[in-house]
Amino acid sequence: MAESPGTYDTIGKIFDTFAVTSKSRYVYVYDIEKNLAKWSENAVSYFGLPGEFVYKADQVWEAHVHPEDRATYREHLETAFSGNRVNPSFEYRARNKSGEYVACSCRGVVIKDYSGKAAFYACSLINKGIVDNTDPITGLPNHYEMYNYMHRLEFLGIRYILLLVNVIDFGDINRLYGYMFGNRMLKQMAEWLVQEVGPQGHVYRGDGTILGVCTNNMSIDDIKNLYQRMRTHVKNGLSVGNNRVSAELGGGVIELDDTSVDVHAVYTSAKYALDHSKTKKHGNLIIFHNNELEHNTSTIELVNAVRESVLDHCKGFYLNYQPIINKKTGKLTAAEVLLRWNREPYGDVAPSEFVPWLEQDRAFYTLGTWILDKAMKDGLEILKDHPDFYISLNLAYMQLEKSEFRTTIVELLRGNRYPGTAMCIELSNVTREINFDYLKSQVIFLKSCGIRIALDVSDFSTLDLATSLPLNYIKLGPEITENLSKSPLSRHMASAITGFAEDMSIGVCATGVADRETEDALGKYPVDTCQGYYYSHPVSLEDFKKLEVYNRK
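The rules we used
- Every residue gets a number counted from 1 within its own chain, in the order that chain's sequence is written.
- A pLDDT threshold of at least 70 governs which residues receive local features in this predicted model, and a stricter bar of 80 or more applies before side-chain atom pairs are shown or counted, although totals over entire chains, interfaces and linings include all residues.
- The basis for every side-chain value is the complete set of non-hydrogen atoms in the structure, without hydrogens or water.
- Helix and strand assignments come from DSSP, with helices taken as H or I runs of at least 4 residues and strands as E runs of at least 2, each series counted from the N terminus.
- Exposure categories follow from relative accessible area, calculated using a 1.4 Å probe and restricted to protein chains: below 20% of the type maximum is buried, above 50% is exposed, and the middle band is partly exposed.
- What makes two residues a contact is simply this: any of their non-hydrogen atoms within 4.5 Å.
- For accessible areas, the Shrake-Rupley method is used with a probe of radius 1.4 Å. Any residue's cover is judged against the shown protein chains and nothing else.
- Cavity means a closed set of points on a 1 Å grid over the protein atoms alone, one where a 1.4 Å probe fits but cannot get out, pocket means an open set with protein on both sides within 12 Å along at least 5 of 7 lines, and lining means a residue has an atom within 4 Å of a point.
- Grid points are joined across faces, edges and corners, and a volume is the space filled by probe spheres set on the points.
- Polar here means any residue outside two lists: the nonpolar Ala, Val, Leu, Ile, Met, Phe, Trp, Tyr, Cys and Pro, and the charged Asp, Glu, Lys and Arg; Gly therefore counts as polar.
- Strand pairing requires that DSSP identify at least two bridges connecting the strands.
- Under this scheme, a helix contributes an axis fitted over its contacting stretch, all axes are lines through C-alpha atoms, and angles between N-to-C directions fall in the 0 to 180 degree range.
- Every angle not falling under 35 degrees, over 145, or within 65 to 115 is termed oblique; those three ranges are roughly parallel, roughly antiparallel and roughly perpendicular.
- Two helices cross in a left-handed way if the nearer one is turned anticlockwise from the farther one by less than a right angle. They cross in a right-handed way if the turn is clockwise.
- Nonpolar core, defined: a set of buried Ala, Val, Leu, Ile, Met, Phe, Trp, Tyr and Cys residues in which side-chain atoms within 4.5 Å join the residues together.
- Think of a salt bridge as a Lys or Arg side-chain nitrogen and an Asp or Glu carboxyl oxygen that are within 4 Å of each other.
- To estimate how far a helix should reach, multiply one less than its number of residues by 1.5 Å.
- By convention, a stacked pair of Phe, Tyr or Trp rings (six-membered ring in the case of Trp) has centres within 6.5 Å and planes under 30 degrees apart, an edge-to-face pair has planes over 60 apart, and any other such pair is tilted.

**Q** Just checking my understanding: could you explain the overall build of the chain for this structure?
**A** Check the secondary structure of the chain and you find 20 helices and 23 strands. Overall, the chain is about 85 × 65 × 45 Å in size when its C-alpha atoms are taken along their principal axes. Within the chain, buried positions represent 51% of all 553 residues. If you take every contact in the chain between residues at least 6 apart in sequence, the share linking residues at least 24 apart comes to 63%. Summed over all atoms, the accessible surface of the chain reaches about 26,100 Å², with 49% contributed by carbon and sulfur.

So, in structure tokens, the structure goes:
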């Protein structure tokens with residue numbers, strides 16, 4: 001579409017009047033009739049706009065506005081354009097080119113033509129969520145800068161390799177020597193890595209204590225050698241002040257040939273490989289070969305598709321419910337909420353294929369919020385028939401550690417008018433790296449909302465948490481219950497764990513009950529509720545309400 005020179009001249013003059021130079025302030029002028037806008041260069045770069053002059057400007061920019069804010073955004077503009085008085089400054093969330101939403105404060109004025117009709121809208125947009133892209137501890141560019149570099153490589157169609165490394169027990173080092181010591185140690189590791197990589201790649205500070213190397217000059221063998229040298233360097237000991245600390249390193253690497261994959265999916269895959277190295281492979285480097293993790297059928301295309309589904313209003317996700325039965329009465333007590341995903345061309349994909357990956361991604365918090373909201377809405381339907389019913393949801397620690405989590409849960413409870421007493425939060429995969437004091441404070445907060453707390457237990461090591469957390473239930477894992485009739489060890493563990501729970505006045509839910517034999521075997525132990533295929537497979541809400549146990553009087 002070609003515009004006359006006069007169009008550019010008019011909008012350009014107005015733009016020059018309002019334009020300012022700032023990293024976090026963006027300016028645009030919108031020609032209402034021609035649906036054409038001119039944006040400042042820093043806005044084009046930050047939000048990934050097609051250029052300074054944007055045609056079909058209303059559609060292009062609205063796609064960046066957070067879906068929950070679009071109705072308010074449209075209403076504000078329509079009111080302003082119609083000549084009615086509005087608050088000249090309002091806030092909404094906008095998506096930047098990395099796919100992250102930032103809070104923006106928009107202050108605009110309507111410029112009318114000679115007839116009094118709204119002709120132009122001139123606006124100054126302040127990014128309130130912009131961050132300094134240099135990590136103050138290591139002096140390295142942070143993961144936002146890494147995303148930007150990966151985006152450039154993606155745009156140019158250049159293959160690259162991403163290596164992520166982290167000390168396996170960095171949390172222990174911080175607890176033993178203090179966070180200042182940990183920071184100095186991380187800085188030393190970063191300096192060593194920068195020296196070793198040299199001009200062959202770029203070194204970044206990732207999430208937490210992760211360090212990353214992104215390169216399009218080094219081969220996978222070069223990366224393997226680099227990792228082994230760093231692993232030896234860290235294991236031989238780092239001198240920090242008067243202390244010398246030996247540590248074990250974990251590493252994950254992905255070699256990307258398909259540059260059409262979103263950079264967040266690439267980072268998530270590398271983080272999953274890193275976690276696999278730390279928790280399963282004792283620090284051996286895990287290589288994401290040809291878009292596939294060793295011994296795992298999940299591919300990066302699947303990770304990318306799942307992540308895009310989350311960003312697309314959690315499209316393709318749905319919830320199933322598995323009943324939890326009162327062992328004495330045989331009546332319905334609760335239901336565990338289980339996530340499912342179905343989208344072409346993948347079809348139904350088991351959560352085990354994507355949840356461990358997605359838990360490494362910032363988008364997981366968005367999905368977790370959707371699960372909570374949807375489960376509450378469904379739970380209200382069940383409460384009409386079963387007033388004492390509660391839903392049980394598995395919550396990842398990364399959700400709990402978010403600063404906005406408390407606000408999120410309270411707003412969801414209030415917005416849905418859902419009673420906290422009709423919800424149980426399950427804690428699982430609690431590792432040594434978790435900040436226990438913070439976890440405890442979050443659990444106490446949830447309890448203050450009336451929410452019940454359960455802990456997944458599959459071995460004795462997890463029981464240590466049960467002595468320090470105010471739990472309502474222990475969920476006896478299928479690793480124990482499935483072998484009760486065959487394994488003396490499973491019977492011993494079941495006896496010890498349920499006996500401990502009884503002494504501590506904590507309820508016990510036995511999961512993994514697949515047959516009558518297992519149910520009968522559980523009769524010997526102080527178990528309150530049972531869950532498993534013997535009672536029902538996970539089903540949709542509609543089918544859940546048709547179950548015999550649901551309608552049992």
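**Q** What should I look at first to understand the layout of surface pockets in this one?
**A** By rolling a water-sized probe across the atoms, one finds the places where empty space is left. Here the second largest pocket is characterised by a volume of approximately 1,600 Å³. If you list the elements that add at least two residues to the lining of the second largest pocket, you get α2 (41–47), β5 (101–112), α5 (143–156), α10 (300–311), α12 (363–383) and α14 (405–416). It is α12 that provides the largest number of residues to the lining of the second largest pocket, a total of six residues. Among the residues forming the lining of the second largest pocket, the class breakdown is 16 nonpolar, 15 polar and 12 charged.

**Q** Mind showing me how you'd approach the pairing of strand β15 (residues 317–326) here?
**A** Look at any regular strand and the pattern is simple: side chains alternate between the two faces of the sheet. Of all the 10 residues making up β15, eight are buried; the element is thus mostly covered by neighbouring parts of the structure. Two successive antiparallel strands, β15 and strand β16 (residues 332–343), enclose a turn made up of five residues, where G330 displays a positive phi of approximately 75°. Pairing geometry for β15 and strand β23 (residues 529–530), over two bridges, is antiparallel. Within β23, the residue paired with I325 across the bridge is C530.

**Q** What exactly am I supposed to notice about the environment of T462 here?
**A** One can find T462 in the loop between β20 (452–457) and α16 (463–466). On the basis of relative accessibility, which here comes to 15%, the residue T462 falls in the buried class. What T462 contacts, discounting residues up to four positions off in sequence, is L455, D456 and V457.

**Q** Looking at this model, I keep getting lost on the packing of α12 against α14. Mind explaining?
**A** Between two packed helices, both the angle of their axes relative to each other and the distance between the axes serve to describe the pair. Direction vectors running N to C along α12 and α14 enclose 25°, while the axes themselves pass 10 Å from each other. Taken together, the axis directions place α12 and α14 in an arrangement best described as roughly parallel. Both α12 and α14 take part in a crossing whose hand is right-handed. Contacts between α12 and α14 involve Y365, T369, L372, D373, M376, K377 and L380 from the former and F405, T408, I409, L412, L413 and N416 from the latter. Across the contact of α12 with α14, the residue classes tally to eight nonpolar, three polar and two charged.

**Q** What's the story with the pairing of strand β7 (residues 160–167) in this structure? I'm lost.
**A** β7 sits mainly inside the fold: eight of its eight residues count as buried. As paired elements, β7 and strand β12 (residues 249–256) share eight bridges and run antiparallel to each other. If you follow I161 over to β12, its bridge partner there is E255. Note that β7 and strand β9 (residues 211–215) share five bridges and pair antiparallel.

**Q** It is not clear to me how the nonpolar core should be interpreted in this structure. Could you clarify?
**A** Note that soluble globular proteins tend to have their nonpolar side chains buried in a common cluster. Ranked by size, the top nonpolar core spans 82 residues in total, and within it F317, L367, I409, M423, L427, I474 and F544 carry the most contacts. Sort the elements by how many residues they give to this core and α12 lands first, with 10 residues. Residues Y227, V234, L238 and A247 belong to the second largest nonpolar core, which totals 33 residues.

**Q** How should I be thinking about the pattern of salt bridges in this particular structure?
**A** Pairing between side chains of opposite charge can happen when the charged atoms of each approach one another. All told, the structure shown has 19 salt bridges when counted by the stated rule. For E548, the salt bridge is made with R552, and the minimal N-O distance between the two is 2.4 Å. A relative accessible area of 33% places R552 in the partly exposed class. Linked by salt bridges that have partners in common, R231, K235 and E248 make up one network.

**Q** Help me out: how do you make sense of helix α9 (residues 263–279) in this one?
**A** A turn of α-helix holds 3.6 residues, and therefore any two residues three or four places apart point the same way. Its 17 residues place the ends of α9 24 Å apart at the C-alpha level, agreeing with the 24 Å of an ideal helix rising 1.5 Å per residue. With 14 of 17 residues buried, α9 lies mostly within the body of the structure.

**Q** Where do I start with the packing of aromatic side chains in this structure?
**A** Any two aromatic rings considered together are summarised by their centre-to-centre distance and by the angle between their planes. Under the defined criterion, the tally for this structure stands at 17 aromatic pairs. For the pair Y147 and Y267, a centre-to-centre distance of 5.7 Å together with 90° between the ring planes defines the contact as edge-to-face. Here Y147 is found in helix α5, whereas its partner Y267 is found in helix α9, with 120 residues between them in sequence. Across the pair, Y267 and Y147 agree in class, each one buried. Between Y321 and F544, the aromatic rings sit 6.2 Å apart at their centres with planes inclined by 55°, giving tilted as the arrangement.

Scope: geometric values only; no functional claims are made or implied.
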